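Structural description and commentary
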Amino acid sequence: MSIRGKAAIVGFSELPTLRQYGERSTTGLLAEVARGAIRDAGMRKDDIDGVINREDVNSLELCEALGITPRYTSSMTVHGASGAASILTAAMAVASGVASNVLCMLGQSRPASATRLEAGAGARGGGGPANILTEWEAPFGTVVAANGGYGMIKARHMHEFGTTQEQFAKCAVDQRFNALKNENGLWKDPITIDDVLNSRFVNDPLHLLECVMPCSGANAVIVTSAERARALPNPPVYILGVGGPATSHSVVWQNESITTTPVVQSAPVALQMAEYSARDIEFAQFYDCYTILAMMCLEDAGICAKGEIGAFYESTDTTYAGEFPINTDGGQISAGQPGGGAGGFRHVVEATRQVMGRAGERQVKKGDLCLVNG
Amino acid sequence: MAEYEKPLPRQADPALTQPFWDAAKRHELILPRCFQCSRHFWYPRQACPHCLSPDWEWTKASGRGRLHTYTIVRQPQNPAFNDDVPYAYAMVQLNEGVRMISNLVDVEVPDGVRIDMELEVTFEDVTEEWTLPRFRPAS
Ligand SMILES: [Zn+2]
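From a predicted model like this one, the values you see are computed outputs, not experimental measurements. (Residues numbered from 1 in each chain as written. Chains lettered and ligands numbered in written order. Predicted model: local features only at pLDDT ≥ 70, side-chain atom pairs only at ≥ 80, totals over all residues. Heavy atoms only, no water.)

1. Points about the overall build of chain B
Going by this rule: Here a strand is any run of E in DSSP of at least two residues, a helix any run of H or I of at least four, and the numbering for each starts at the N terminus. Our radius of gyration is a C-alpha quantity, and the globule rule it is checked against amounts to 2.2 Å times the number of residues to the power 0.38. Here the term buried applies to any residue with accessible area under 20% of the maximum for its type, exposed to any over 50%, and partly exposed to those in between, with areas from a 1.4 Å probe on protein chains only. We call two residues contacting when some pair of their heavy atoms lies within 4.5 Å. The protein chains shown are the only cover counted for residues, whose accessible areas, like all others here, come from Shrake-Rupley with a 1.4 Å probe.
Counting secondary structure elements, chain B contains one helix and seven strands. Along chain B, helices (α) and strands (β) appear in the sequence α-β-β-β-β-β-β-β when read from the amino end. Taking 14 Å as the expected radius of gyration for a compact globule of 139 residues, we find that chain B reaches 16 Å, a close match to that expectation. For chain B, the spread of C-alpha atoms along the principal axes amounts to about 45 × 35 × 25 Å. In chain B, which comprises 139 residues, the proportion classed as buried is 53%. Contacts in chain B between residues far apart in sequence, at least 24 positions, make up 51% of those at least 6 positions apart. A total of about 6,700 Å² of accessible surface is found on chain B, and carbon and sulfur atoms cover 44% of it.

This is the structure in structure tokens:
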């Protein structure tokens with residue numbers, strides 16, 4: 001049974017992405033953004049009977065804070081992909097009748113004390129519970145955050161396919177152009193290719209301006225059935241196809257091809273269900289913790305041939321005004337990566353905003369068919 | 001000898017992985033190989049990830065391979081490595097078909113580091129108890 005077109009996103013809300021939200025709690029941010037999304041959908045709190053969030057906060061605590069008694073709830077995680085995956089789960093819940101109106105929300109109020117030194121106590125730095133990181137990586141001097149893995153992947157992509165530093169930089173430059181029109185984004189200054197190339201190596205060959213900044217923020221959407229969607233105030237954003245996140249690897253060196261992403265599995269499932277091909281896609285919102293990841297995922301989704309994403313960026317205007325817009329709100333690299341999975345969820349929220357025609361100055365010209373990767 | 005402040009290997013399952021570290025102390029590189037499908041795998045775990053057979057043995061490895069990829073570290077997660085930057089954090093493809101994380105030594109960083117360069121294992125006794133395998137350009 002396909003769930004093509006059976007569910008739709010009918011409302012959304014996004015809190016501005018900031019470095020810190022001061023003393024405010026994560027639950028407080030989630031409650032605010034949930035209220036915003038429910039109101040935006042033209043619903044009342046008691047209409048919500050499904051709640052999906054990420055494991056960082058227990059959904060029962062959130063339901064209690066919001067006074068919602070759900071028929072279906074899940075505090076799930078597939079890490080950064082949790083936001084996009086919540087839409088898959090919500091659409092399945094709605095299509096199957098398990099829930100009627102599902103609230104999906106992610107976010108984090110980052111503690112001011114979240115320093116690199118504290119993070120160093122984690123597995124990557126050799127601390128915390130023993131696991132494969134503390135035994136097989138940490139003794140060799142792991143890089144801070146996820147920079148090490150993506151630096152190694154980028155080096156290999158450059159080696160295998162000849163992708164150039166300038167081509168990676170173009171991705172960051174186009175996204176910054178988009179971010180300048182995002183009132184909720186973090187960065188307000190334009191950048192050039194030279195700015196990216198002259199930014200320091202966080203670890204070679206990865207430049208600082210190709211990486212996300214961990215931030216605070218929250219976002220939420222409401223998913224309901226196609227029938228109910230038509231009676232609600234916003235233009236429905238129909239969910240035409242979904243492909244599940246799939247990978248068996250928690251460390252990059254276990255992946256047989258480190259320049260191939262799980263999108264090779266998820267995109268064909270989503271596109272086949274949607275009855276479209278990658279060539280039909282008008283614009284894309286793709287998870288971008290680093291330029292290299294967004295670029296490899298676009299290849300694996302079939303937006304261009306494998307290994308040709310560098311040439312694609314070089315020859316394509318991917319700004320909101322261009323021929324194939326990508327990450328029209330600036331993405332995580334230029335609008336910021338709010339924690340708790342809200343960074344990845346911003347791609348879903350921006351796709352919704354664009355398809356509803358509510359993206360203001362950065363509205364894309366052809367905005368009906370968007371491919372989102374979380 | 002100054003106290004070694006960097007993280008030593010911390011084992012989730014010492015019964016499973018101790019033979020590797022004992023061999024390293026003898027300056028030998030050993031790898032798990034499956035009896036059922038004859039393939040090597042890395043890291044050591046209960047069952048072969050290729051065929052799920054629990055029957056595998058430790059075998060002596062060639063110690064040779066290629067640099068699959070690398071990154072030059074300038075900002076280590078653990079500050080105990082701060083004095084070593086820049087250093088090469090390496091993903092090594094061993095001739096037995098498995099990959100492991102290590103460091104490159106005896107090579108100019110970053111200019112001497114090339115993906116696919118041929119490597120051989122070398123061992124550093126970092127404490128009296130622990131020896132780490134590292135890789136240098138093959139002779
Ligand atoms: Zn086997």
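2. Let's talk about the nonpolar core
Keep this limit in mind: For this analysis, a nonpolar core means a set of buried residues of the types Ala, Val, Leu, Ile, Met, Phe, Trp, Tyr and Cys, connected via side-chain atoms within 4.5 Å.
Ranked by internal contacts, the top residues of the largest apolar core, which has 85 residues, are Trp253(A), Trp42(B) and Leu104(B). Setting aside residues no more than four positions away along its own chain, Trp42(B) makes contact with Trp136(A), Trp253(A), Gln254(A), Phe20(B), Ile30(B), Leu31(B), Pro32(B), Trp58(B), Val98(B), Arg99(B) and Met100(B).

3. Things to note about the pattern of salt bridges
To keep it simple, the criterion reads: Throughout this description, the term salt bridge denotes a Lys or Arg side-chain nitrogen within 4 Å of a carboxyl oxygen of Asp or Glu.
In this structure the tally under the stated criterion is 27 salt bridges over all chains. In this structure, Arg358(A) and Asp40(A) form a salt bridge, with 2.8 Å as the shortest nitrogen-oxygen distance. Of this pair, Arg358(A) sits in the loop between α14 (342–355) and β12 (370–373) while Asp40(A) sits in helix α1 (residues 26–40), and the two are 318 residues apart along the sequence. Notably, a salt bridge pairs Asp84(B) with Lys6(B), separated by 2.5 Å at the nearest N-O pair. Of the two residues, Asp84(B) is situated in the loop between β3 (64–73) and β4 (87–94) and Lys6(B) in the segment before α1 (14–25); the sequence distance between them amounts to 78 residues.

4. Looking at the coordination of the zinc ion
Residue and element names in this part refer to chain B. For clarity, the cut-off: As a rule, N, O and S atoms within 2.8 Å of a metal are its donors, except that Na, K and Ca use 3.2 Å; water is not among the atoms, so sites may look incomplete. Square planar and octahedral sites, with four and six donors, are those where opposite donors lie more than 155 degrees apart and all other angles lie between 65 and 115, tetrahedral sites have four donors with every angle between 85 and 135 degrees, and the rest are irregular.
For the zinc ion, the full set of protein donor atoms is Cys-34 (SG), Cys-37 (SG), Cys-48 (SG) and Cys-51 (SG), and the range of their distances to it is 2.3 to 2.4 Å. If you look at the zinc ion, its four donor atoms make angles of 99 to 118° with each other, and the shape they trace is tetrahedral. The partly exposed category is assigned to Cys-37, whose relative accessible area is 27%.

5. Let's talk about the interface of chain B and chain A
Selection rule: Put simply, buried area is the surface a 1.4 Å probe can reach on two separate parts but cannot reach once they are joined, added for both. Under this grouping Gly is polar, as are all residues other than the nonpolar Ala, Val, Leu, Ile, Met, Phe, Trp, Tyr, Cys and Pro and the charged Asp, Glu, Lys and Arg. For two strands to count as paired, DSSP must find a minimum of two bridges between them.
On the side of chain A, 43 residues touch chain B, which itself brings 42 residues to the contact. Between chain B and chain A, roughly 3,700 Å² of surface is buried when both sides are summed, and carbon and sulfur atoms account for 55% of that area. Among the residues of chain B in contact with chain A, Arg10(B), Gln75(B) and Gln77(B) are the three that bury the most area, contributing 24% of the side total. Summed over the shared surface of chain B and chain A, the result is two salt bridges. Of the charged contacts in the structure, one is a salt bridge between Arg156(A) and Asp116(B), with a shortest N-O distance of 3.4 Å. Counting only elements with at least two residues in the side of chain B that touches chain A, the list comes to α1, β3, β4, β5 (99–103) and β7 (131–137) of chain B. Looking at the side of chain B that touches chain A element by element, the count peaks at seven residues for β3(B). Counted by class, the side of chain B that touches chain A contains 25 nonpolar, 11 polar and six charged residues. Relative to β3(B), strand β5 (residues 201–204) of chain A is paired through two bridges, and the arrangement is antiparallel. Paired with Asp204(A) across the bridge in β3(B) is Ile72(B).

6. A word on helix α2 (residues 59–66) of chain A
Because an α-helix completes one turn every 3.6 residues, residues spaced three or four positions apart along the sequence face the same direction. Residues and elements named next belong to chain A. For clarity, the threshold we go by: Throughout, the arc means that of the directions going from the helix axis to the C-beta atoms. What qualifies as a polar contact is a pair of N or O atoms within 3.5 Å, subject to a donor-acceptor requirement within protein and to the restriction that residues adjacent in sequence count only when both atoms come from side chains.
Taken residue by residue, α2 has Ser-59, Leu-62, Cys-63 and Leu-66 as its buried positions. For α2, the angular spread of buried residues about the axis comes to 100°, placing them on one side. Set apart from the buried face of α2 by more than 90 degrees, the exposed residues are Leu-60 and Glu-64. For α2, the secondary structure elements touched by its buried residues are α1, β2 (50–54), β3 (72–76) and β4 (102–108). The opening residue of α2, the one whose side-chain oxygen lies 2.8 Å from the backbone nitrogen of Leu-60, is Asn-58.

7. Let's talk about the packing of helix α7 (residues 165–179) of chain A against helix α11 (residues 291–300) of chain A
Residue and element names in this part refer to chain A. Quick reminder of the rule: Axis definition: a line fit to C-alpha positions, over the contact stretch in the case of helices; interaxial angles, taken between N-to-C directions, run 0 to 180 degrees. Convention used here: angles under 35 degrees read as roughly parallel, angles over 145 as roughly antiparallel, angles from 65 to 115 as roughly perpendicular, and any remaining angle as oblique.
One way to put it is that α7 packs onto α11 with a least axis distance of 10 Å and a crossing angle of 95°. One finds that α7 runs roughly perpendicular with respect to α11. In contact with Gln-167, Phe-168, Cys-171 and Ala-172 of α7, α11 contributes Thr-291, Ile-292 and Met-295. Residues belonging to the contact of α7 with α11 are distributed by class as follows: five nonpolar, two polar and no charged.

8. With respect to the packing of aromatic side chains
Selection rule: Stacked, edge-to-face and tilted are the three classes for Phe, Tyr and Trp ring pairs, Trp counted by its six-membered ring, which pair at centre distances within 6.5 Å; planes under 30 degrees apart are stacked, over 60 edge-to-face, the rest tilted. A ring is considered to have a charge above it if a Lys NZ or an Arg CZ atom is located within 6 Å of its centre and within 35 degrees of its normal.
The final tally for this structure, using the stated rule, is 15 aromatic pairs over all chains. Look at Phe312(A) and Phe324(A): their rings are 6.1 Å apart centre to centre, the planes differ by 80°, and that puts the pair in the edge-to-face class. Of the two residues, Phe312(A) is situated in helix α12 (residues 309–315) and Phe324(A) in the loop between α12 and α13 (331–335); the sequence distance between them amounts to 12 residues. Here the two residues Phe312(A) and Phe324(A) agree in accessibility, since each one is buried. Taken together through their ring pairs, the aromatic side chains of Trp136(A), Phe20(B), Trp21(B), Phe41(B), Trp42(B), Trp56(B), Trp58(B) and Trp130(B) make up a single cluster. In this structure, Lys154(A) is placed above the aromatic ring of Phe168(A), and the distance from its NZ or CZ to the ring centre is 4.5 Å. The ring of Tyr43(B) is capped by Arg45(B), whose NZ or CZ atom sits 3.9 Å from the centre of that ring.

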